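Results of the structural survey
Take a look at the letters that make up each chain.
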Amino acid sequence: MANTEYELSKELDLDALVHLENMFVEFGREDGMAAGERNGAIEGRVMGCEKGFELSREVGYYAGCAQLWKTLAQQDPERISEKSLKKINSLLDLIDSFPRQNQLDDDVVALLDRIRGKFKTVASALQTAERYIDAPKSKMFY
């Protein structure tokens, strides 16, 4: 009888240990999920700021070139044709339609592709080799 009681208590202790292990696994999972949500939100915000800055820098470059060409066309109308001026104004309209705030319903990538294409068309019409050169990536770490 003593032998079966020992086996029964050994079996109960094993069940308690399995339950204890499962309990700690669940606590660890919950703590990991909470930490992941916090870190993910911070990391996502930093990534969003970096990507937003890169997009804005590129669109700003295109806007600066287009404004310069438009000013040049106004100062010296013989240098830039009326057809090219219409293309420049079309590029400026596209740039003006680029969203300044984060909106979920805007397809920013498609609009940026259209701006890039229009910029290449205008640069070709003006016979200039102007092109956007992406700046080197930041060496900052967060």
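Looking at an unreviewed UniProt entry, one finds the protein chain named Essential protein Yae1 N-terminal domain-containing protein, with Linnemannia hyalina as its source organism. What UniProt records for the protein chain under Sequence similarities (unreviewed entry) is the sentence "Belongs to the LTO1 family."

Things to note about the side chain of Ser84
Its location among the elements puts Ser84 in helix 2 (residues 82-96). In this structure Ser84 comes out as buried when scored by relative accessible area, which is 8%. In this view, Ser84 contacts Ala125 and Leu126; residues no more than four positions away in its chain are not counted.

A closer look at the pattern of salt bridges
By the definition in use, this model includes 4 salt bridges. Between Arg29 and Glu26 there is a salt bridge, and its shortest N-O distance comes to 3.3 Å. Here Arg29 pairs with Glu26, and both are found in helix 1 (residues 2-75), just 3 residues apart, close to one helical turn. Residue Asp113 pairs with Arg116 through a salt bridge whose shortest N-O separation is 3.2 Å. Taken together, the residues span about one helical turn, with Asp113 and Arg116 both in helix 3 (residues 108-125) at a distance of 3 residues. Since its relative accessible area comes to 30%, Arg116 is described here as partly exposed.

Brief notes about helix 3
In a regular helix each residue adds 1.5 Å, so 18 residues correspond to 26 Å; helix 3 covers 25 Å between its end C-alpha atoms and thus fits that length. Of all the positions in helix 3, only Leu111, Leu112, Ile115, Phe119, Val122 and Ala123 are classed as buried. On an axial view of helix 3, the arc spanned by its buried residues comes to 110°, and they lie on one face. In helix 3, the exposed residues that point more than 90 degrees away from the buried face are Val109, Arg114, Lys120 and Ser124. Looking one or two places after helix 3, you find Gln127, whose phi comes out positive at around 55°.

Comments concerning the environment of Ser56
Among the structural elements, Ser56 can be located in helix 1. Note on Ser56: relative accessible area 47%, which makes it partly exposed. Sequence separation between Ser56 and Arg100 is 44 residues; the distance between their C-alpha atoms is 8.7 Å. From its side chain, Ser56 meets the backbone oxygen of Gly52 in a polar contact 2.9 Å long.

Side note on the side chain of Glu58
Topologically, Glu58 is positioned in helix 1. A relative accessible area of 8% places Glu58 in the buried class. Setting aside anything within four residues of it in sequence, one finds Glu58 in contact with Leu112, Arg116 and Tyr132.

Section: the packing of helix 2 against helix 3
Any two packed helices are characterised by the angle at which their axes cross and by the distance between the axes. Contact geometry for helix 2 and helix 3: axes closest at 9 Å, N-to-C directions at 160°. The orientation of helix 2 with respect to helix 3, classified from their angle, is roughly antiparallel. Judged by the sense of rotation from one axis to the other, the crossing of helix 2 with helix 3 is left-handed. In this structure, helix 2 contributes Ser84, Lys87, Ile88, Ser90, Leu91, Leu94 and Ile95 to the contact, and helix 3 contributes Leu111, Arg114, Ile115, Lys118, Phe119, Thr121, Val122 and Ala125. Residues belonging to the contact of helix 2 with helix 3 are distributed by class as follows: 9 nonpolar, 3 polar and 3 charged.

Criteria and cut-off values
- As a convention, each chain's residues are numbered from 1 in the sequence order in which they are written.
- With the structure being a predicted model, the display of local features is reserved for residues of pLDDT at least 70 and the display and counting of side-chain atom pairs for 80 or more, all residues being used for whole-chain, interface and lining totals.
- Only heavy atoms go into the side-chain values, all of them from the structure, while hydrogens and water stay out.
- UniProt positions are given in the numbering used here, feature names are shortened, and annotations may be inferred rather than shown by experiment.
- The numbering of helices and of strands both runs from the N terminus, where a helix is a DSSP run of H or I of at least 4 residues and a strand a run of E of at least 2.
- Classification of residues uses two cut-offs on accessible area relative to the type maximum, computed with a 1.4 Å probe and protein chains only: under 20% is buried, over 50% is exposed, and between them is partly exposed.
- The contact criterion used is simple: two residues touch if any of their non-hydrogen atoms lie within 4.5 Å.
- Salt bridges are defined by distance alone: a side-chain nitrogen of Lys or Arg within 4 Å of a carboxyl oxygen of Asp or Glu.
- Given a helix with a known number of residues, its expected span is that number minus one, times 1.5 Å.
- As used here, the arc is the angular range of directions from the helix axis to the C-beta atoms.
- For this analysis, a polar contact is any N or O atom pair within 3.5 Å, provided that within protein one partner can donate a hydrogen and the other can accept it, and provided that sequence-adjacent residues contribute only side-chain to side-chain pairs.
- Angles run from 0 to 180 degrees between N-to-C directions of axes, and those axes are lines fitted to C-alpha atoms, restricted for helices to the stretch in contact.
- Oblique is the label for any angle not under 35 degrees, not over 145, and not in the 65 to 115 range, which are roughly parallel, roughly antiparallel and roughly perpendicular in turn.
- The hand of a helix crossing depends on one turn: near helix anticlockwise from the far one by less than a right angle means left-handed, and clockwise means right-handed.
- In this classification, the charged set is Asp, Glu, Lys and Arg, the nonpolar set is Ala, Val, Leu, Ile, Met, Phe, Trp, Tyr, Cys and Pro, and all remaining amino acids, among them Gly, are polar.

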